[in-house]
Amino acid sequence: MTRIANIFFTLLFTAALTLCAANAQQNQTESSKTAMSKTSAATTATDTKFLRAVGQADLAEIELGNLAQQKATNPEVKQFAQRMVQDHTQNRDQLKQLAETQHVTVPDTVTAKDKATKTELEKLSGAQFDKAYMNDMVKDHRTDVAKVAHASKTAQNPEVKKFAEQTLPTLRSHLKEAEKIAPQGAAQSASR
């Protein structure tokens, strides 16, 4: 009887070990799947760089827009500048919310290039300011539209991609408006 009991316990023990091993493998597979889904939705270095660049671009547009509201002489330029401050402030607020969920820090300062642009614009006045500001807005928005359009297609994180897709129409509208106003600033400069 003891021999049968030993065989029974050995079989029982072997079955228990097999079940434990199978359960451990299943848990490991589920953990791997969960980790992979988190990785695919994670913010990549490229997505992070994009979010930071948008944050700096928004800041530059806000700072330059505030300056243009003070210095511009053309009413259309002043109105455009007001729109830049309003739209880019709103975009920056949305960006900050997204960045927080992605654990990305959005810069609170503009780039050295944008500081230099502001310094140069501060030296100008009247029609010269209007022309230089609008030319800068055309150039910046062409660059911004290209970057955001690229991110709307290539961002790995679905939330970053969605943000880019939602931001793109506004930037395209800014560019179109800037291109329309910029030649008028040049014409005003020539007539004065």
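Residues numbered from 1 in each chain as written. Predicted model: local features only at pLDDT ≥ 70, side-chain atom pairs only at ≥ 80, totals over all residues. Heavy atoms only, no water.

It is worth spelling out unusual backbone geometry at this point. A positive phi is found at H103, a non-glycine position, where the angle reads about 60°. Since its relative accessible area comes to 74%, H103 is described here as exposed. (Buried < 20%, exposed > 50% of the residue type's maximum accessible area, 1.4 Å probe, protein only.)

Considering all chains together, one arrives at two aromatic pairs under this definition. Plain terms: the ring middles of F80 and Y133 are 6.4 Å apart, the flat faces sit at 70° to each other, and that makes the pair edge-to-face. Of this pair, F80 sits in helix α3 (residues 75-101) while Y133 is found in helix α5 (residues 126-154), placing the two residues 53 residues apart along the sequence. Ring geometry for F129 versus Y133: centroids 5.9 Å apart, planes at 5°, classification stacked. Taken as a pair, F129 and Y133 lie in helix α5 at a separation of four residues, close to a single helical turn. Here F129 matches Y133 in class, with each residue buried. Connected via pairs of aromatic rings, a cluster forms that spans F80, F129 and Y133. (Phe/Tyr/Trp six-rings, centres within 6.5 Å; stacked < 30°, edge-to-face > 60°. Helix = DSSP H or I, 4+ residues; strand = E, 2+ residues; numbered from the N terminus.)

Reported here for the largest pocket is a volume of approximately 530 Å³. The wall of the largest pocket is formed by 28 residues, among which A53, V54, A57, D144 and K147 lie closest to the centre. When contributions to the lining of the largest pocket are tallied by element, the ones reaching two or more residues are α2 (45-71), α4 (112-122), α5 and α6 (158-191). Tallying contributions element by element places α2 first for the lining of the largest pocket, with eleven residues. Of the residues in the lining of the largest pocket, the class split is ten nonpolar, eight polar and ten charged. Volume-wise, the second largest pocket comes out at about 150 Å³. Surrounding the second largest pocket, D87, H88, Q90, N91, Q94, Q166, T167, T170, L171 and H174 form its lining. Taken together, the elements giving at least two residues each to the lining of the second largest pocket come down to α3 and α6. Taken together, the residues of the lining of the second largest pocket break down into one nonpolar, eight polar and one charged. (1 Å grid on protein atoms, 1.4 Å probe; cavity = no way out; pocket = protein on both sides within 12 Å on 5 of 7 lines; lining within 4 Å. Points joined across faces, edges and corners; volume = space filled by probe spheres on them. Nonpolar A, V, L, I, M, F, W, Y, C, P; charged D, E, K, R; others polar.)

It is worth spelling out α3 at this point. Along its 27 residues, α3 runs 40 Å from first to last C-alpha, staying within 8% of the 39 Å computed at 1.5 Å per residue. Considered for burial, the residues of α3 that qualify are V77, F80, A81, M84, V85, D87, H88, N91, R92, L95, L98 and A99. The opening residue of α3, the one whose side-chain oxygen lies 2.8 Å from the backbone nitrogen of E76, is N74. Once α3 finishes, H103 follows within two positions and takes phi at roughly 60°, a positive value. (Expected span 1.5 Å × (residues − 1). Polar contact = N/O pair within 3.5 Å; in protein donor to acceptor, adjacent residues only side chain to side chain.)

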